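Coordinate inspection notes
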Amino acid sequence: MNVVCIGAHPDDCEYFAGGTCVQWARRGHRVVFVSVSNGDIGHYAMSGVELAKRRAEEARRSAEWAGCEHRVLDHHDGEVMPTLELRKEIVRLIREYRADIVLTHRPNDYHPDHRYTSLVVQDAAFMVTVPNFCPDAPRLEKDPVFFYLMDPFTKPSPFQVDVAVDVDETMAVKWAMLDAMDSQFYEWLPWLWGFADEVPGDPAARRQWLEERYASYFLRMTEPTREALARRYGAEHAARVVYAEGFEFCEYGSRPSEEEIRRLFPFFPEERA
């Protein structure tokens, strides 16, 4: 399979779906992390080309840990807009990778880049099958299945967990992926959220701090997945899961049957009679 995860910034795909993407990659599927923006303002001291280059290198290192590919598009951070030009770029990209699954943000989100990335991917969802739209790139004969990445926002509607994946087995890799993005998780976000003075200087201590500081978000996002986990792993297994990643169907792509979901997410135990 070909899985294309489209985030607004270098770190979004890894943060919201890294554990699941590693499981796909380990099973031989092609996974591509795409950042629509180059991340060139996401820091308190650096910006511009210098920061964009650093974020691209971090994305490369992180993808190596995951066994995935990465791609950073050249749009300024904080300036992503759902234009016709960007829609065509995303259509060509989805076609290039012959995507079976596309992951992206929901359209209600705190960050304008997240919202507009979501809109442009939604706008591309049907167009990837239309032969006379971007005719230079061969159309997809079947629309991919589009999923939204997990988030905590509740208005106008809360995140709905349609599929949940137990990522306990790949969480160590996910932490390594985030650790590789040091400008974000040890500099920018701690500064932005007011705990920069907590970050240790020693690399080993810093990595331990990363898990302790950011675990609360992932644990909080795991709780709403219990019912979806139980549907496909069984109730006993679901109750044991510490970390899970949830996904919500986007109605604009293919609507998979239960059999198709199990093919797309080959991590679930076999269905019981």
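Residues numbered from 1 in each chain as written. Predicted model: local features only at pLDDT ≥ 70, side-chain atom pairs only at ≥ 80, totals over all residues. Heavy atoms only, no water.

Our next topic: the pairing of strand β3 (residues 69–72). When a strand is regular, its side chains alternate between the sheet's two faces. In this sheet, β3 lies alongside strand β2 (residues 30–35) in parallel orientation, the contact comprising 4 bridges. By the bridge assignment, valine 34 is partnered in β3 with arginine 71. For the segment spanning β2, helix α2 (residues 48–66) and β3, crossover handedness is right-handed. (Pairing = 2+ DSSP bridges. Helix = DSSP H or I, 4+ residues; strand = E, 2+ residues; numbered from the N terminus. Right-handed = clockwise from strand over helix to strand, strands pointing away.)

Turning our attention to the pattern of salt bridges. Counting across every chain of the model gives 23 salt bridges. Glutamate 187 is paired through a salt bridge with arginine 54; the nearest N and O atoms lie 2.7 Å apart. Of the two residues, glutamate 187 is situated in helix α6 (residues 182–193) and arginine 54 in helix α2; the sequence distance between them amounts to 133 residues. Exposure remark for arginine 54: the relative accessible area of 21% places this residue in the partly exposed category. When salt bridges that share partners are traced, they join Arg54, Glu58, Arg61, Asp182 and Glu187 into one network. (Salt bridge = Lys/Arg side-chain N within 4 Å of Asp/Glu carboxyl O. Buried < 20%, exposed > 50% of the residue type's maximum accessible area, 1.4 Å probe, protein only.)

In this structure, Leu103 and Phe265 are the most contacted members of the largest nonpolar core, which totals 89 residues. With 8 residues, the single largest contributor to this core is helix α1 (residues 12–26). Dropping the residues within four chain positions of it, leucine 103 is found in contact with Val3, Val4, Cys5, Ile6, Ala17, Cys21, Trp24, Phe147, Leu149 and Phe247. (Core = buried A, V, L, I, M, F, W, Y, C linked by side-chain atoms within 4.5 Å. Contact = heavy atoms within 4.5 Å.)

Contact geometry of helix α5 (residues 171–179) with helix α7 (residues 203–222) gives a least axis separation of 11 Å together with a crossing angle of 110 degrees. Overall, the two elements α5 and α7 adopt an arrangement that is roughly perpendicular. As α5 runs across α7, the sense of the crossing is right-handed. Counting all contacts with α5, which are made through Met171, Ala172, Lys174, Trp175, Ala176, Leu178 and Asp179, the residues of α7 involved are Arg207, Leu210, Glu211, Tyr214, Ala215 and Phe218. Taken together, the residues of the contact of α5 with α7 sort by class into 9 nonpolar, no polar and 4 charged. (Axes fitted to C-alpha atoms, helices over the stretch in contact; angles between N-to-C directions. Parallel < 35°, antiparallel > 145°, perpendicular 65-115°, else oblique. Left-handed = near helix turned anticlockwise from the far one by under 90°. Nonpolar A, V, L, I, M, F, W, Y, C, P; charged D, E, K, R; others polar.)

Okay, the pairing of β2 next. Burial runs high along β2: 5 of the 6 residues are buried. Taken together, the 6 bridges between strand β1 (residues 2–7) and β2 define a ladder with parallel strand orientation. Counted as the bridge partner of isoleucine 6 is valine 34 from β2. Tracing the backbone out of β1, into α1 and back to the parallel element β2 gives a crossover that is right-handed.

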